[in-house]
Amino acid sequence: MELDKMDENDWKYHGEGNKSLVVSHVQHARVLRLLKYSTEDAENSHKTTEQAFRHIQNIVDYSQNVMKPLLGEKFVHNGEAVKLPLDFVRQLSLKVQQERPESRCDKVMDTLSGCALCLPNLTQLSSCCCCSREHRPPLCIEIKPKCGFLPASRHITKDIKRKVCRFCMHQHFKLANGKWKRLSRYCPLDLFSGNKQRMSRAIKHLIEEPQNNFNIFKGGECIYSCSDDADVLQDLDELAQHLRPYFLPSGSLLSRQQSSKVVLNELIQVIVSSLLSSWDGPRSGQLRKTHLSEGRVTCDASLLHRDLLRNGNHCLPKDCVLDKILGTQMLDNLDIEGLSPLLKRVEQHLQMFPKERCRLQMDGPYNASFLEKVQNCPVEDDGSIEYAVGKVHQYRVAMTAKDCSVMVAIATCGEDDGLDQSLEIQPTKPRFTCSVSILDLDPKPYESISHQSRLDSKIVNHYLRRTQPNNQELDNLEELANQSLFLGRDRDGEDCTLVFHPV
Ligand SMILES: O=P(O)(O)O[C@@H]1[C@@H](OP(=O)(O)O)[C@H](OP(=O)(O)O)[C@H](O)[C@H](OP(=O)(O)O)[C@H]1OP(=O)(O)O
Ligand SMILES: Nc1ncnc2c1ncn2[C@@H]1O[C@H](COP(=O)(O)OP(=O)(O)OP(=O)(O)O)[C@@H](O)[C@H]1O
């Protein structure tokens, strides 16, 4: 990429999340990830170019030096911080504006610093020569799986957290807040179970209600995602028509309805196989016992049949992408409730000794020494600041793993195609190669932990009110809620989200 010859016409809108907007190159398999700021956030928009560049370099360092060793070399592409001509960025921002979903327009793209992260376009297969020969553009499935385990920490005060997973509880809170109009039936514990039936169901539920957890790309173009109009149901038939050439022979005599069912089912099987593929050669196929034996493996809110949840295999193959993500998520072993007193210890320490912020690497640098603090944190609390900081760092790394996305790029291939880094799956079926990557591996700021703590209580309290209206806890909660309703704002100064009132 020649930075001095950048032309906005070579780039197009690709997608965005809460913190960044992504454009893809029209010819080369590259994307630029630009930061976004809230319109009122004057502080950030006044960041100097050097500060913005440092911020992006921190993301690269964190991906490369912290997340890559934890998640695996094969899955992580850290990219490169780049400085772009300001004129190019301004033109690009104007060009993409009309493509942006309204729900994301509360933030604006950073057009002042000229800094961005340049990454491989993960919707394309990494080293695949077969796509062009097959004349079928690669498919890519993006899944944001969220937290895949139930916490088992002794610090937990509400028993419901040991039974119902955070995602399933959060759904009710999001529905009440109007973020989504329908509950998703997806449960991350099913996806992370390693049980093929449960995983297939989880993916089926993602397809039915993708929200911000599921997208499909064909040839780099998004062909299936959550509509910005939350009332619109997804058109599965249209999706099936896109997928038909990949999964059904051209002369198939199946009716449109039958073929839709078949291709969606085939798609699900290919995704499951890709997610379970072990990528480390000799150990492939070994099952990981540790993660799942550490806690309960089922969520009470999951709609799957009890027998399916109780019986069968519930192990992830060692070193498959889900195993790597789950292991990293489980660095949060105290839960936010157990972490809170340690966070206070750190806050008090930093108030007394502000210069320690640097030595303790609260905001980086994200180097080998940071990883060492994460990996070698003592098991027992010895009352030290080092222990508290180690747990805070572990929690932040776990937060990243709970919010990352997995990209599964698949392409059909012929008999003698070289597979190189991608892996052949389902050798007896139509032949596919796949390549799996993990994206959105940004460091979560130290300051965001206190927000997590408040959000955790809101989600749990809301869930209890919503699902167990007669229990004792409700009375206490209602009393608290009424107090804050009276004040109009809760203790965090955020709008109350009370929707249920005692009758
Ligand atoms: O806190 P959560 O679990 O709601 O996760 C947030 C995500 O919401 P979700 O529940 O996935 O819809 C949220 O996603 P959306 O903006 O809702 O698509 C962000 O990913 C957010 O991360 P960041 O603060 O932008 O770095 C995520 O926040 P953190 O990972 O920083 O907590
Ligand atoms: N390297 C990549 N290749 C292809 N597509 C990408 C790449 N990086 C990001 N994307 C696309 O852009 C979207 C937004 O990127 P990303 O998830 O990193 O944004 P974010 O703002 O950090 O998200 P969040 O809301 O989780 O904070 C992704 O969902 C994905 O579809």
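Parameters and conventions
- Residues numbered from 1 in each chain as written.
- Chains lettered and ligands numbered in written order.
- Predicted model: local features only at pLDDT ≥ 70, side-chain atom pairs only at ≥ 80, totals over all residues.
- Heavy atoms only, no water.
- Near = heavy atom within 4 Å.
- Polar contact = N/O pair within 3.5 Å; in protein donor to acceptor, adjacent residues only side chain to side chain.
- Areas by Shrake-Rupley, 256 points an atom, 1.4 Å probe, with all protein chains shown as cover.
- Helix = DSSP H or I, 4+ residues; strand = E, 2+ residues; numbered from the N terminus.
- Nonpolar A, V, L, I, M, F, W, Y, C, P; charged D, E, K, R; others polar.
- Buried < 20%, exposed > 50% of the residue type's maximum accessible area, 1.4 Å probe, protein only.
- Phe/Tyr/Trp six-rings, centres within 6.5 Å; stacked < 30°, edge-to-face > 60°.
- Salt bridge = Lys/Arg side-chain N within 4 Å of Asp/Glu carboxyl O.

## Observations concerning the site of ligand 1
Move 1: Among the 15 residues in the neighbourhood of ligand 1, the closest are listed as Asn18, Arg104, Lys179, Lys444 and Gln452.
Move 2: Asn18 places a side-chain nitrogen or oxygen 2.7 Å from an oxygen atom of ligand 1.
Move 3: At 2.8 Å from an oxygen atom of ligand 1 is found a side-chain nitrogen or oxygen belonging to Asn212.
Move 4: Burial of ligand 1 by the protein chains amounts to 81% of its free accessible area of 590 Å².
Move 5: Elements with a minimum of two residues in the shell around ligand 1: helix H5 (166-177), helix H16 (385-403) and helix H17 (448-467).
Move 6: With 3 residues, H5 is the largest single contributor of residues to the shell around ligand 1.
Move 7: Residues belonging to the shell around ligand 1 are distributed by class as follows: 2 nonpolar, 4 polar and 9 charged.

## Some details on the side chain of Asp110
Move 1: Mapped onto the elements of the fold, Asp110 is located in the loop between strand S5 (107-109) and strand S6 (115-120).
Move 2: A relative accessible area of 6% places Asp110 in the buried class.
Move 3: At 2.9 Å, the side chain of Asp110 forms a polar contact with the backbone nitrogen of Leu112.
Move 4: A polar contact is formed between the side chain of Asp110 and the side chain of Ser113, at a distance of 2.5 Å.

## Remarks on the packing of aromatic side chains
Move 1: What the rule picks out here adds up to 7 aromatic pairs.
Move 2: On the numbers, 5.2 Å between centres and 80 degrees between planes, the contact of Phe167 with Tyr186 is edge-to-face. One end of the pair, Phe167, is in helix H5; the other, Tyr186, is in the loop between H5 and helix H6 (188-191), and 19 residues separate them in sequence.
Move 3: Phe167 gets classed as buried once you look at its relative accessible area, which sits at 6%.

## Here we look at the pattern of salt bridges
Pairing between side chains of opposite charge can happen when their charged atoms approach one another.
Move 1: In this structure the tally under the stated criterion is 26 salt bridges.
Move 2: Close ionic contact of Lys144 with Asp403 constitutes a salt bridge, the shortest N to O distance being 3.3 Å. Of this pair, Lys144 sits in the loop between strand S7 (139-143) and H5 while Asp403 is found in helix H16, placing the two residues 259 residues apart along the sequence.
Move 3: Looking at Lys144, the relative accessible area reads 16%, which means it is buried.
Move 4: In this structure Asp403 comes out as buried when scored by relative accessible area, which is 16%.
Move 5: For the salt bridge of Arg198 with Asp190, the shortest nitrogen-to-oxygen distance reads 2.8 Å.

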